[in-house]
Amino acid sequence: MNKIEFKKKFSRRLAEKFAMDVADASPDELYQTLGSLMTSEYSQSWQQTWKDYREAEQKQAYYFSIEFLPGKMLKSNLLNMGWLEMVSEGLAELGIHLNDLAEVEPDMALGNGGLGRLASCFMDSIASTGLPGNGNGIRYEYGLFKQRFVDNYQVELPDEWLQKGNLWEVRKESKAVDVRIGGDVYLSPDEYGNLTPIYQDGMLLRAVPYDTGMVGYKNDIVNTMRLWSVEIPPEEEDRYRSIEDRRAVEDLTSVLYPDDSSEAGRKLRLSQEYFFVSAGVQSILRYYKQLKKPMDKINQYIAIHINDTHPAMCVAEFMRLLIDDEKLGWERAWNLTQEVMSYTNHTIMAEALEKWSIGMMKSVCPRIYQIIEEIDRRFVEEMTGVHDFDLIQRTRIIQCDQVHMAHLAIIGSHSTNGVAKLHSDLLKSVVLQDFYRIYPARFNNKTNGIAMRRWTQLANPTMSKVLDDTIGDSWREQPKNLRLLLNYEEDNQVLEALASAKLENKKRLASYIKEHCNIEVNPHAIFDVQIKRLHAYKRQLLNLLHIIKLYLDLKEDPEQAIEPRVFIFGAKAAPSYHYAKSVIKVINEAASLINQDTTIKDKLKIVFLENYNVSLAERIIPAADVSEQISLASKEASGTSNMKLMLNGAVTIATLDGANVEIRDAVGDENIAIFGLTESEVYQYYENKNYSATNIYKENANVHKVVKALIDGTIPNIFAEGQEIFDSLIKYNDEFFVLRDFEDYCLAQESINEAYKDKRRWQKISLNNIAHAGRFSSDSTVQRYAEDIWQIEPVFAHEDDRGVIQH
Ligand code: GL4
């Protein structure tokens, strides 16, 4: 479509939908109009993509994830459709700013952080590389809570993202399936003597899919993200007469659990897991049966990916359908299941390795429990005589009244991967070492990646323009071509152009900060950014302690020649995570104190931006100079904001944790500030049990001064919170070695300060970071999953006999 046609169609659609002229329409009406034009345009490709996969009988992958975090879709769909420029200009000619329309779209925030955002980057990349892959998840009525600060405390408000409808989704009632939750089950012999399950009581719920098109980048491919919503089947209406009964059902897909690490421990969460697993697996099997292929060959057509342990019941549900419904024998069903399933582990934090009590599992999905029991029994039988007794006891699925979901996922699949080299190594050597002994060939690494287009072209058009002018635009398709930038390392003009793009982005963020926080910040100051969920292991506290140090030093000597810095935080704390909320309060109070203290001459500012989400990330990241990646080594599985920030020219200050290690390898020691304990030093401490935070506190004057400031009234209004954090360090011996890493962190920060003083040196470092970021494209990551794990191929890889590539 060209611009003239677009303008005509747009005005016509607006008149049809709202009986209005452009001049009378609100941004929301204009947004709805544009969205509907877009969906009607790509729905043809959507249908075609599906037909192509079917006709080619292509193997398809299904990415099961309890979280997806797409953020806003308007501009990314426009970009991928190849419409962004045309629409933006066309609208401008009608007197409309595209950005005003993008503003009214709510963020689709059906995820907590890195895990959900990764799933959405993968969805984009899978479609963009033409791979037949689909998402499967839950359509939560309420996304992740909205964060507000009241008296510097975090307050949570509901995220009613569906209030005005969601124009990207299509309700597919005809594709609904029924899911049974609760009740009892017993096995009874059928006419041939086979045992079949008889169900009693329980709830039969309808799972209705809402499909969202995942538009590939300029390739006419549109894949599907299918999210399930619960409904009461009309024939069951009578059973749910009271408001309470109906609410109990609706709750199932009502809220996203606002905690991505600790297992919620609630029956509702387990029911959510079973609900989307059962609905997804049932609909896959229904599709497969339409292909009229033998059930024996399903592994050649279907791959199911278990994203972290939440969908681990896929293993048992798939078995249930094969043996109960399709009447396959156990052995055959089991071999197929293992070949179809694969699993990614996303964390080594013990509290996130999901376990459910047997009682709870029996009460939510009794048949699934029976099958897990049988898988466990056979596992023990198979391993007996091959491995020693203790190893078998440690690796079996059911232990001491608990069902270990990671064990189910590993035993029931052919592939287990970690999400960065270091993380995958740790899985083999520590966290899952027993399983590595049993199944060495199943273990592999797939380092995370990011959707490059969103994090450059959409989030940072200013820098993207400089890149185009310097190295041409091939990097837009081939992120590895960012390397061409290295030819301009010594080119002052290019260095200056990149620096002024950065400055422009910083000015834009500065005005957002002024508008939303009423804080004046100097765009020439270092913008030092830590954006991620608030968690003790991520050590926002270490960042804060360093800020307090700088502040106390400046109070002693206000003339100190430090580069002005703006410390920018974005972080939500899980509502029940007391410590994390206390850290937020203390950072906010420190900000109030420091931002108003005129004696330090604006050399330090702290800005804690409310309600960090994907859209806010898109504002902050292009404006960042420094990227804080300071988790305790071994604890951050990968991290992905580290990749986004380097791509946008920020310099990383980091521990050797997660993908930071690979970033260091990519840019070289001279272009990154590494500090702190290594993973093996951390494990040494665990082994020797010889860490003493108190000793450091007593012996190190710097540490003493800063830590004491938490409890001596230096920072007002933090009586209880300051004490709680102080106790976490001193009384409970500093679980995440904050004090141990403090001095080294301060030295690394000083090196950042020095480097920034030398503008040219800083610009070169920044250029190097951009140039080396191409390897973290999620396009490459999903291609590695496709080749090594799912064994799927792009649909347009097929050529007809004349050598013409066919879609
Ligand atoms: C996480 C990890 O904490 C994070 O390091 C990683 O980048 C992300 C995606 O692999 O997965 N695991 C959980 S749980 N939440 C995450 O963000």
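Summarised in this report is the structure supplied together with it.

Calculation rules
- Residues numbered from 1 in each chain as written.
- Predicted model: local features only at pLDDT ≥ 70, side-chain atom pairs only at ≥ 80, totals over all residues.
- Heavy atoms only, no water.
- Axes fitted to C-alpha atoms, helices over the stretch in contact; angles between N-to-C directions.
- Helix = DSSP H or I, 4+ residues; strand = E, 2+ residues; numbered from the N terminus.
- Parallel < 35°, antiparallel > 145°, perpendicular 65-115°, else oblique.
- Left-handed = near helix turned anticlockwise from the far one by under 90°.
- Contact = heavy atoms within 4.5 Å.
- Buried < 20%, exposed > 50% of the residue type's maximum accessible area, 1.4 Å probe, protein only.
- Pairing = 2+ DSSP bridges.
- Right-handed = clockwise from strand over helix to strand, strands pointing away.
- 1 Å grid on protein atoms, 1.4 Å probe; cavity = no way out; pocket = protein on both sides within 12 Å on 5 of 7 lines; lining within 4 Å.
- Points joined across faces, edges and corners; volume = space filled by probe spheres on them.
- Lys, Arg positive; Asp, Glu negative; His and termini not counted.
- Salt bridge = Lys/Arg side-chain N within 4 Å of Asp/Glu carboxyl O.
- Polar contact = N/O pair within 3.5 Å; in protein donor to acceptor, adjacent residues only side chain to side chain.

**Side note on the packing of helix α2 (residues 27–55) against helix α3 (residues 74–81)**
Two numbers describe a pair of packed helices, the interaxial angle and the distance between the axes.
So, step 1. Relative to each other, α2 and α3 sit at 40°, their axes nearing to 11 Å. Classified by the interaxial angle, the pair formed by α2 and α3 is oblique. When you trace α2 past α3, the crossing you get is left-handed. Side by side, α2 and α3 meet where Y31, L34, M38, E41 and Y42 of the first sit next to L74, N77, L78 and M81 of the second.

**Here we look at the pairing of strand β21 (residues 565–570)**
So, step 1. The buried count for β21 comes to six of six residues, which makes it a mostly enclosed element.
So, step 2. Every second residue of β21 is oriented toward a common face, with R565, F567 and F569 on one face and V566, I568 and G570 on the other, all of them buried.
So, step 3. Across six bridges, β21 lies against strand β22 (residues 604–609) in parallel orientation. Bridge pairing in β22 places F567 opposite I606.
So, step 4. Each parallel crossover has a hand, and for β21 linked through helix α21 (residues 578–596) to β22 it is right-handed.

**Section: empty space enclosed by the protein**
So, step 1. Under the definition given, this model contains six cavities of 30 Å³ or more.
So, step 2. Taken as a whole, the second largest cavity spans an internal volume of roughly 170 Å³.
So, step 3. Taken together, 15 residues line the second largest cavity, and the ones lying closest to its centre are M73, S76, D124, M214 and R454.
So, step 4. A total of four residues in the lining of the second largest cavity trace back to one element, the largest contributor, which is helix α6 (residues 114–128).

**Focus on the side chain of E67**
So, step 1. Along the chain, E67 falls in the loop between β1 (60–64) and β2 (68–71).
So, step 2. Summary of buried charges: E67 has no salt-bridge partner, and the nearest side chain of opposite charge, R269, is 5.3 Å away.
So, step 3. In terms of polar contacts, E67 uses its side chain to reach the backbone amide nitrogen of N112, at 2.8 Å.

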